[in-house]
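Take a look at the letters that make up each chain.
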Amino acid sequence: MLDLVIADALIVDGRGTAPFRGSLGVRGDRIVWIRGVGAARPESARTIDADGLVLAPGFIDVHNHSDLSAFVDPDMPSAIRQGVTTVVVGNCGTSPWPLAGWPDANRMASGDPNQEPPAWRGFGDYLDATQAMHPATNVAALVGHGAIRQEVMGLERRPPSLDELRAMRGLVAEAMAAGAFGLSTGLIYVPGIHSETDEIVALGEETARLGGIYASHIRGEGAHLFRAVDEAIAIGRRAGLPSHVSHLKCETSLVCGRAAEVLERLHGNDDVTADQYPYAAWNSSLASLLPPWAPVEDLARVLTEDRDHLCAAVEEGEADFQSSVDGVGWDRIVITGTSDERFRGLSVAAIARSLRVAPFDACIRLLIDDPSTGCIGHAMDEADVRAILADPDIFVASDGAAISPTGPAGRLPVHPREYGTFPRALAILRDEALMPLPMVVRTMTSLPADRFGLRDRGRLAEGSFADLVLFDADRVRDLATYEMPHRFPEGITCVVVNGTVAWAEGNGPIERAGRVLRHS
Ligand SMILES: [Zn+2]
């Protein structure tokens, strides 16, 4: 007796092989039976008729920021309703352990600003606390280099001493032993921006010892794109571990049109992979526009001492610092979350006009009022987005966090990728005939699962975990836009996590069956 049978679907198994019509049976949390159409079906407690639908492995989002979603929005609807069944968190150098880099983590995790839950004392405690919240998707975590560096060195802008480096290595080793899948960096953010290549190689060696991966928000994605890709490749090679470039893009008009060249650079090296979100705009902190010598904590002082120098660095860049404004323009940088509600959804240029100041000064004013101000930068070219998306070896990943329209982020003008990434990739690649469906599904399932070491996930095979998505291949598409980002996609009809039907179209609430995964 099976627990669940999905009957008469078009089975796309995640490996890129030809689809076939058939049925799939689940017992407990595993796929135990797959047969072609017409085979006698074992008895099952529940059967879902999937005639006309594609059955694929649940999508795996290896570049995700749902580190605290289990505590804030544990239903994780923006992820589940895209068909995502596993998220990899701890990206861009940021992770909720050690806590120094994310002092608000406790308060956010409690969901109650007045309540202070006990701090997690170790990486394993963070994983246990996440599991105790019963997240809707599986969660695998990287440990963030930025969080580790801040714990050991604060926000110091210098290389670590030998003792400090030893302490950082110890923290990486602790996280890896507790089940981290690897190490991430965010080399445009404080404090990652203060680190040199050798420091990351040393921590990469520690990660390599337990078979982890190195995932990087590289040091530049515009004027410095090629040297930053080369650094990521070199770190992997020197430290002896697989290297992964997060959210690959050609940002700003300075590298527009060079997607083919950067893809060639990646393919010319054995042990490097990359992911991408299929949008022509990034989403980040406004503080990421600042050079390393003007951290947001110190902005008021720098401004009085050296306003013109700072303005030139932000708008034009420097030898070791890439401007995110140069080749984009202030009218294409749009504010998302900030304390002053009037400015949400407006470009920095528009805010500057309303304040009757220069755009640079408007940007600084926003940062001084709210250092955590977020923004969206419409900085990429659609042709480059398409070229990267159409590469069958680049994974689809959201760079988003699992949120809900009724949760704390529900009123913010967030990036549409939070709700739309995977359906959008499916729709573009279908409508523009850029890649056959089995290969599209492969970039969302077996490729990322194998690369990040997510065992027994990412393919439809007997013995694998029953993480599944059913969708209408002709109808699936994203509906979230920059203007109306909190819209669920259409065409995703059923999502199964660890054998449990987590969500089905027209069926109301989300059943939370995700697990915290531990690397071993
Ligand atoms: Zn990033």
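Residues numbered from 1 in each chain as written. Predicted model: local features only at pLDDT ≥ 70, side-chain atom pairs only at ≥ 80, totals over all residues. Heavy atoms only, no water.

Before going further, it helps to examine the overall build of the chain. Secondary structure assignment for the chain yields 16 helices and 20 strands. In terms of overall dimensions, the chain is globule-like: its C-alpha atoms have a radius of gyration of 22 Å, near the 24 Å expected for 520 residues. For the chain, the spread of C-alpha atoms along the principal axes amounts to about 80 × 50 × 50 Å. Across the 520 residues of the chain, 59% fall into the buried class. Residue pairs in contact within the chain that sit at least 24 positions apart in sequence constitute 75% of those at least 6 positions apart. When the accessible area of the chain is evaluated, it comes to approximately 19,300 Å², of which 49% is carbon and sulfur surface. (Helix = DSSP H or I, 4+ residues; strand = E, 2+ residues; numbered from the N terminus. Rg over C-alpha atoms; globule rule 2.2 N^0.38 Å. Buried < 20%, exposed > 50% of the residue type's maximum accessible area, 1.4 Å probe, protein only. Contact = heavy atoms within 4.5 Å. Areas by Shrake-Rupley, 256 points an atom, 1.4 Å probe, with all protein chains shown as cover.)

The next point concerns the sheet that holds strand β7 (residues 84–89). Within the open sheet, the three strands sit side by side as β6-β7-β8. Their pairing is parallel. If you trace the sheet from one side to the other, it starts and ends with β6 (59–61) and β8 (138–141), each paired once. The sheet shows a mean angle of 20° between the axes of neighbouring strands, taken without regard to direction. The pairing of β7 with β8 spans four bridges and is classified as parallel. The partner of V87 across the bridge, within β8, is V139. (Pairing = 2+ DSSP bridges. Axes fitted to C-alpha atoms, helices over the stretch in contact; angles between N-to-C directions.)

The omega torsion across W97 and P98 is -10°, close enough to zero to call that bond cis. Along the chain, P98 turns up in the loop between β7 and α3 (105–110). The omega angle of the peptide bond from V190 to P191 is 5°, so this bond is cis rather than trans. Inspection of the secondary structure puts P191 in the loop between β10 (182–186) and α7 (197–209). Backbone geometry places C92, a non-glycine residue, at a positive phi of 60°. Checked against the element boundaries, C92 lands in the loop between β7 and α3.

This part is about helix α10 (residues 299–316). Spanning 18 residues, α10 covers only 18 Å between terminal C-alpha atoms, well under the ideal 26 Å at 1.5 Å per step. In α10, a bend of some 110° at D306 exceeds every other bend along the element. Of the residues making up α10, those classed as buried are L299, V302, L310, C311, A313 and V314. Turning to α10, the residues buried within the fold contact α12 (359–369). Count one or two residues on from α10 and you reach G317, which has phi positive near 85°. (Expected span 1.5 Å × (residues − 1). Bend = angle between axes of the 7 residues up to and from the residue.)

A separate point is the sheet that holds strand β11 (residues 213–217). Ordered in space as β9-β10-β11-β12-β13-β17, the six strands form an open sheet in which the pairing is parallel. A strand with exactly one partner marks an edge of an open sheet, and here the two such strands are β9 (143–144) and β17 (395–396). Here β9 runs beside β10; their pairing, made up of two bridges, is parallel. Bridge pairing links V143 to L183 in β10.

Before going further, it helps to examine the packing of helix α5 (residues 145–153) against helix α6 (residues 162–178). Two elements in contact, α5 and α6, have axes separated by 9 Å at closest approach and are oriented at 135°. By the angle between their axes, α5 is oblique relative to α6. When you trace α5 past α6, the crossing you get is right-handed. Of α6, the residues touching α5 (which contributes I148, R149, E151, V152 and M153) are E164, A167, M168, L171 and V172. (Parallel < 35°, antiparallel > 145°, perpendicular 65-115°, else oblique. Left-handed = near helix turned anticlockwise from the far one by under 90°.)

Such coordinate-based values are descriptive only and should not be taken to indicate function.
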